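Chain by chain, the residues:
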Amino acid sequence: SGPSGTKMFGPYEYVAPKYWYEDSKHGGAYGFNTETGPGSQIPPIESLRKMLSPQDLPNINNKGWQFHCGRNEFRNLDFFLSVYEKRYWKDSDVEDFAFNVQMSNYEAIRAMFEAFVLNRMDRSTGVVQWMLNSAWPEVYWQLYDWYLNPNGAFYGTKTACNPLNIIYNYGDKNIYLSNELNTDSLITAELKLYDIQSNLINEKNIKLNARKESIEQVFAIDNIVAPSDVYFLSLKLLNEEKTEVANNFYWLSKKEDELDYPNSQWHYTPPLENASFVQLKEMQPVKIDSEWQTSVIDDEFSATVTLENLSNKIAFFIEMRVTDKLSGETILPVIWSNNYVSLLPNESKTYTVKFDCKGKKVSDFDLKIKGFNM
């Protein structure tokens, strides 16, 4: 019946988001890639504290950290850190690193899944992430870790795999609607483009019929000049009742990633140039108001969490946690409807969370919120 299209060419190390759209010889979004993933996925600080000694924890990529890497080419974080520190920055301490690196986890994995989604009609038939989770505490290849703690890659994957979605293509820089459902949907697609100071530069809305099992281009932004070194793209889908059914928020760089495809190896493709997100540090601080409505039924804790951005600036990359009030420990395992979220100026959003509370009361738990510019 001809070639199957199945491949296992990697990569297994970090590659920039556009790789998945551009590559046509190695691990890019064509065929059925049965094993791949963009390398190390550092877990949140709570997991790092459990897996590393107090002496090793602050010294990123020392022998203690490397014990929780892989083998051979993956025995340390040298390559990942060399790219991360060029695209973002070198963090001042491990607490900042463990939070900020979730941005890299999120954008790297989201692009992989989205590229396979957008190419599914003609070039690609599937992708298997290496890996879903780790068999022991480590800093490589995981959407959630040994302690069942999801990192930024988990929520990047969750966003990318929304069956009705609006997606930015890092390859041709246009916006696509993807409907993997078996029903048509009348929706409104919304685009908002912001500069680093949260000024609204461009706004577009279009009503359309999202045809079942279809992909179509809905906006072209390939000719839009980047309004600042770092800028933001907010994409939403609203149903006929004006309820949001999909939300995709991108931070983009005027300086683009460029990859050295001729020198690709089995586990990675080296960069020629790196995007730069250092201008994120210029974002103005915002205040977030939060409240939650909680209940415990049959030993299951559930809550709706409402976040309100009280500022006319973007609230970027917000992490929500539920903690045990007595110990301060993050509750795990936990199911959030979404996390590592961003709010537009003066925007309010509601999320859900649930977990097994094992006989405890609502008053035994706290909600903790941290954001990049909070």
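1. Details of the side chain of His-68
By secondary structure assignment, the location of His-68 is in the loop between helix 3 (63-66) and helix 4 (78-87). In contact with His-68, not counting residues within four places along its chain, are Met-51, Leu-52, Trp-136, Pro-137, Glu-138, Val-139 and Tyr-140.

2. Points about the pattern of salt bridges
According to the stated counting rule, one finds 18 salt bridges in the structure shown. Residue Arg-321 is joined to Glu-46 by a salt bridge in which the shortest nitrogen-to-oxygen separation is 3.0 Å. Of the two residues, Arg-321 sits in strand 15 (residues 315-324) while Glu-46 sits in helix 2 (residues 45-51), which places them 275 residues apart along the sequence. Via salt bridges that share partners, Lys-18, Glu-22, Lys-173, Glu-256 and Glu-258 belong to a single interconnected network.

3. Let's talk about the packing of aromatic side chains
Counted according to the given criterion, the structure contains 40 aromatic pairs. Ring geometry for Trp-292 and Phe-301: centres 5.5 Å apart, planes at 50°, overall tilted. Overall, Trp-292 belongs to the partly exposed group, its relative accessible area being 22%. When the ring of Phe-301 is compared with that of Phe-365, the centres are 5.2 Å apart and the planes differ by 65°; the resulting orientation is edge-to-face. Of this pair, Phe-301 sits in strand 14 (residues 300-309) while Phe-365 sits in strand 19 (residues 365-371); the two residues are 64 residues apart in sequence, bridging distant segments of the chain. The same class applies to Phe-301 and to Phe-365, which are both buried. Directly above the ring of Tyr-250 sits Arg-110, whose terminal nitrogen or CZ lies 3.8 Å from the centroid. One cation-aromatic arrangement involves Arg-110 over Trp-251; the distance from NZ or CZ to the ring centre is 5.6 Å.

4. A short note on the packing of helix 5 (residues 94-118) against helix 6 (residues 152-160)
The N-to-C vectors of helix 5 and helix 6 enclose an angle of 30°; their axes lie 7 Å apart at closest approach. Relative to helix 6, helix 5 is oriented roughly parallel. When you trace helix 5 past helix 6, the crossing you get is right-handed. Along its contact with helix 5, which presents Gln-102, Asn-105, Tyr-106, Ile-109, Arg-110, Phe-113, Glu-114 and Val-117, the element helix 6 presents Gly-152, Ala-153, Tyr-155, Gly-156, Thr-157, Thr-159 and Ala-160. Among the residues making up the contact of helix 5 with helix 6, the classes are represented as seven nonpolar, six polar and two charged.

5. Topic: helix 5
The end-to-end C-alpha distance of helix 5, which contains 25 residues, comes to 36 Å, matching closely the 36 Å that a straight helix rising 1.5 Å per residue would cover. Taken across its 25 residues, helix 5 has 23 buried, putting it largely inside the fold. With a side-chain oxygen positioned 3.1 Å from the backbone nitrogen of Glu-95, the residue opening helix 5 is Asp-93.

Conventions adopted
- Residues numbered from 1 in each chain as written.
- Predicted model: local features only at pLDDT ≥ 70, side-chain atom pairs only at ≥ 80, totals over all residues.
- Heavy atoms only, no water.
- Helix = DSSP H or I, 4+ residues; strand = E, 2+ residues; numbered from the N terminus.
- Contact = heavy atoms within 4.5 Å.
- Salt bridge = Lys/Arg side-chain N within 4 Å of Asp/Glu carboxyl O.
- Phe/Tyr/Trp six-rings, centres within 6.5 Å; stacked < 30°, edge-to-face > 60°.
- Buried < 20%, exposed > 50% of the residue type's maximum accessible area, 1.4 Å probe, protein only.
- Lys NZ or Arg CZ within 6 Å of the ring centre and 35° of its normal.
- Axes fitted to C-alpha atoms, helices over the stretch in contact; angles between N-to-C directions.
- Parallel < 35°, antiparallel > 145°, perpendicular 65-115°, else oblique.
- Left-handed = near helix turned anticlockwise from the far one by under 90°.
- Nonpolar A, V, L, I, M, F, W, Y, C, P; charged D, E, K, R; others polar.
- Expected span 1.5 Å × (residues − 1).
- Polar contact = N/O pair within 3.5 Å; in protein donor to acceptor, adjacent residues only side chain to side chain.

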